[in-house]
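# Topology and contacts: notes
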Amino acid sequence: MKPLKLVMQAFSTYLDKTVVDFEGLNRAGLYLISGDTGAGKTTLFDAICFALYGEASGSNRSSDVFRSEYATNDIPTLVELTFMVGGEDYFVHREMAYYSSGKPKPSNDYLMIGEELVKGKKEVTNAIKNLLGVDATQFKQIVMLAQGEFSKLLYASSNDRVKIFRNIFHTSSLQALEDKLKEKDKELGELATKKKTELDTLLLSLSLKTKEHYSSATLPYVKDYLDKMQDELAIKQAERVKQAQLYKDKHDHYFLLKQDNERLEQLEKLEAERNELLRQQDVIAASTKTIDQITKAIAIIPQEMACLDLEKTIQQLQDEEKALLTMQDNLHQQTLAYQEALSHQEELTAQSEQLHDALQQANRALEFVASIDKNQKAIDKNVQAMNNRQHEYEALQQAIVKKEKTLHRDQKSLAELPDFKVALSKMEQQVEQYTDRKSKIHTLADQFDQYNNKVENYYEAHQLYVKTLKHYEAQESELNKQYELRMQGNYGVIASQLKEGVACPVCGSLEHPHPAKRIEHVLSDDRLAALEKNIGSLKRDVDLRYDEANEKKTAITVSKQEIALLKSDLKIEEELDKDVFIRLLSDITQKKQEASKSYQETYDQIQFLENLSKSVELSLKEFERQKQRLIDMEKEILRYKSAIDVAKASIATIKRQYPDIESYSKDRVVSLTQRYEACKQKLSAITKMGEELKRNQAIFETKQQANRSNLEKTRSKYEASKHDFEEAIQQRFENIDAYRQAKAQKAMLEKMKAEVDAYHVHKGALEKQIETNKKLVEGKKKVDLSALEEELLQQERSNKEQDAHYYALENSYDHAMSIYKKMVKIEKENKQVLEDYQRYHNLMLATTGKNNANKISFERFVLASYFENIITFANTELAMLTSGRYVFRRRSEAKGNGGQGLDLEILDYESGTYRDVKSLSGGESFKASLALALGLSTMIQNYSGGIELNTLFIDEGFGTLDDESLSQAIDVLMKLRETDKVIGIISHVGELKNRIESGIIVRKGERGSHLTVTA
């Protein structure tokens, strides 16, 4: 990934639209970003990271504070980045959400991938992640080494490096394979355990005298057990068949004897029953005679019924004759009433005609009354409407006068609008001045805090220098002491060899009154050389601590000068402390709030006047409409007056033509109508009465003639039917009483017939049964069967017990055979499961590293191989940066179960020992981090199918290097330009400015920062 063009607006310190063209910087390969402290150098990295991932480049900064404090509500905060990946250009736009006049302005993020547009904050971030192959955290660890986070990749744990390298080298599939194998291993293991548990459960259910757990010998053992049970069943079945046949033979003999006894007993019963039937013969004969009499009576019952029906008909006709006589009397009374009504018919006709004429005259008069009412209502309505309109007219006149006064007042207020706008502009400038002063006070407070921190740092550095110096002086004193002791020791050795009279080799004296004493405990040459070397090292430490303290002292002086300049700019003369800053900030905040309040009040007044201007314009239009409405109302009132005059003239005309018109009313018309209708109803009733009388007379005559004819014919039929009935009685019965007695027994006929028929059928059947049984038992006698029955009962009990034992054994066999078949099936299934489980288990152990000594998973093994290559590339850079003193090495020793494999340590050739990377000093850790970052970048470039991260951003860190290390670091970075890698550096180190020509210079301004690009 290479940035091509960066655009910022209202982003942090950059208020105005700022464009950074990276084309020339990319060609240079190495460029420096320098400028004032706090001007916005790191903000460039923040903008690139925000454009790609929507967050800051450092973990200690939040993207929420990116909106410039100088930005007004109409200026959005946006970042646009054009960048190249894989030879293709991409464009990303990020626009922050913020509040404008209390209303939220939503974010607007999109990414152009060719002609495809990706919209939405999360969607853009995910698309960038897919393009680059790393997320924001990994990007900042690999590409954007931010201030304070430069060494994170160096100090990352083994697990953190796995996460970084997994995305870079696309090994997530290996992790997925490991997870799938774990799941499959667990699944098959649980299945095999389940199958084994099922087999153990089945084995226990057999209740065999064997081990409780299933084994390979279980199936043959169960099969042998089943074969023995089958043999035992065969034996018991043969015994059952033999006993069953014996029981059958005895039972058949018993059945034949019992059958003969039953037939003999039945013959006795049949003969007794036949004798009983013979004793009932007289009763049956009487019943047969009664049946004959009832049958004769039934034959002549219809003749009797016909006579009775004719008698009833004659009685009905006689009753009808009496009713006709009553009807004849009623007709006579109706005739008299009709004649009376006819005498009044002419009078009613004349009265009806008079009422009809009077009703027509009343209806015409009523129409004129309605016309008068209608005109009067119209007069009332128009008078009411005219009065209402007159009131509206007067109210509108008053409203027009009031509106005219209001418009005059509002137009006078609008004349003040230009003055308010001039005042608002001045107030806005004042608020901005207060805002700028507040910002500078914050900056001064930060500088004051930094100054105090630098004083504390200088004090600590000075104390460390004094401590180191004292230690050095003590060690130097010890060395001088050891030198003196060594000299004294040498003198003692010489003195021990002096003899009286022999010249001393040192002073030449022949006498030796006070010879030097020999020193026994003197440091060896090696220990003395080590002490000298240690003192040399301490001397370098003293010089280094002195330089550090002196550098911090210089930083204090610079910081003090910056504070003095800013104090002068702010016109602050008093000594600074926290209380001063609190008071200054409180004062400026209060002034800004008061100015803002005045500004808001003036702004609200301008808004009010602008709205008032629109309202006045609308009011003028409404004023003209109201005046036109007033004219329309005057015309409308005149129309109402004209309509009232016309209606009054119409009423006067009707009253002149009909002076008594007011005497007519609806009640009078209703009364005439009721009298007229009553007269008509009376005439209609006379007509209906005559018609009904004629109809009733015709009906009477017809009924009277028909009734007399029917009565004569029915009497003739009755006499003939009665003669036939009496003759039938004489022929069949002795008298009428015998007939009636037989007819009374009619309901018993069927029952008596059934009893007689049943008697004869039963008697015939008994005769046949007796004859058959006599032939079957001829020559036989009854036998006592109790002994044979007892013998059969004992045999049956024995057979049941034998069957129970047999079926119990058969059920046990079936149950055992069913379990055996299940075992065979499960054993077959479990064999395949165990094979699969063993195969997947071995694969799982291999991929998770549980079968190797170091407990390293397959993915970690692959990533460790990549890491070895990264370390190889990094060691090339590290050797140049440290003059060959340090070398990276991947630590292979296990420090846990599976969490290692990507741990890092460093070999120090000076001490000849391996060290943890965390033991490196500040300058050493910077060089190690830079070498590791460069090695990773080189590895990624060489990795086939890897992601393209050929840009490196470094924020600070060079200040920790001495001159030699700094020169080495620059040489390494210069050399990287030959590999098509682009490196951007933020630093204040002067040597970098001298060595790196291309760069970006950032300067502070009163309302935001500005930058210049030099390529």
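What you see is a predicted model, and the numbers here were worked out from it, not measured in a lab.

## Remarks on the UniProt feature "coiled-coil region" (unreviewed entry) in the chain
Under the present numbering, the feature "coiled-coil region" (unreviewed entry) in UniProt falls on residues 257-406 and 592-643. In residues 592-643, the share of helix is 100% and the share of strand is 0%. The end C-alpha atoms are 74 Å apart.

## Notes on a negative patch on the surface
A grouping of Asp-21, Glu-23, Glu-88 and Asp-89 is seen on the molecular surface, where their side chains present a negatively charged patch. By the element assignment, Glu-23 lies in helix 1 (residues 23-28).

## Observations regarding the layout of surface pockets
Size it by volume and the second largest pocket reaches roughly 770 Å³. Lining the second largest pocket are 23 residues, and of these Thr-72, Glu-428, Val-431, Glu-432 and Thr-435 sit closest to its centre. Of all the secondary structure elements, the ones that give two or more residues to the lining of the second largest pocket are helix 11 (417-496) and helix 13 (578-657). Looking at which element gives the most residues to the lining of the second largest pocket, the answer is helix 11, with eight residues. Of the residues that constitute the lining of the second largest pocket, the class distribution is five nonpolar, nine polar and nine charged.

## Re unusual backbone geometry
Of note, Ala-10 is a non-glycine position whose phi angle comes to about 50°, a positive value. Counting through the fold element by element, Ala-10 comes out in the loop between strand 1 (2-9) and strand 2 (18-21). Phi at Ser-883 is positive, roughly 55°, even though this residue is not glycine.

## A word on the packing of aromatic side chains
Following the criterion strictly, the structure yields 14 aromatic pairs and no others. Between Phe-11 and Phe-66, the aromatic rings sit 4.6 Å apart at their centres with planes inclined by 40°, giving tilted as the arrangement. With Phe-11 in the loop between strand 1 and strand 2 and Phe-66 in the loop between helix 2 (41-53) and strand 4 (78-85), the pair connects residues that are 55 residues apart, well separated along the chain. Here the aromatic rings of Phe-50 and Phe-66 are separated by 5.6 Å at their centres, their planes lie at 85°, and the arrangement is edge-to-face. Placement of Phe-50 in helix 2 and of Phe-66 in the loop between helix 2 and strand 4 is noted, with a sequence separation of 16 residues between them. Neither Phe-50 nor Phe-66 differs from the other in exposure class; each is buried. Taken together, the ring pairs connect Phe-11, Phe-50 and Phe-66 into an aromatic cluster. Sitting above the plane of the Tyr-806 ring, Arg-240 keeps its charged end 4.6 Å from the centroid.

The rules we used
Residues numbered from 1 in each chain as written. Predicted model: local features only at pLDDT ≥ 70, side-chain atom pairs only at ≥ 80, totals over all residues. Heavy atoms only, no water. UniProt positions renumbered as here; feature names shortened; annotations may be inferred. Helix = DSSP H or I, 4+ residues; strand = E, 2+ residues; numbered from the N terminus. Patch = residues over 30% accessible without salt bridge, like charges linked within 9 Å, V, L, I, M, F, W, Y side chains within 5 Å. Areas by Shrake-Rupley, 256 points an atom, 1.4 Å probe, with all protein chains shown as cover. Salt bridge = Lys/Arg side-chain N within 4 Å of Asp/Glu carboxyl O. Lys, Arg positive; Asp, Glu negative; His and termini not counted. Charge placed at Lys NZ, Arg CZ, Asp CG, Glu CD. 1 Å grid on protein atoms, 1.4 Å probe; cavity = no way out; pocket = protein on both sides within 12 Å on 5 of 7 lines; lining within 4 Å. Points joined across faces, edges and corners; volume = space filled by probe spheres on them. Nonpolar A, V, L, I, M, F, W, Y, C, P; charged D, E, K, R; others polar. Phe/Tyr/Trp six-rings, centres within 6.5 Å; stacked < 30°, edge-to-face > 60°. Buried < 20%, exposed > 50% of the residue type's maximum accessible area, 1.4 Å probe, protein only. Lys NZ or Arg CZ within 6 Å of the ring centre and 35° of its normal.

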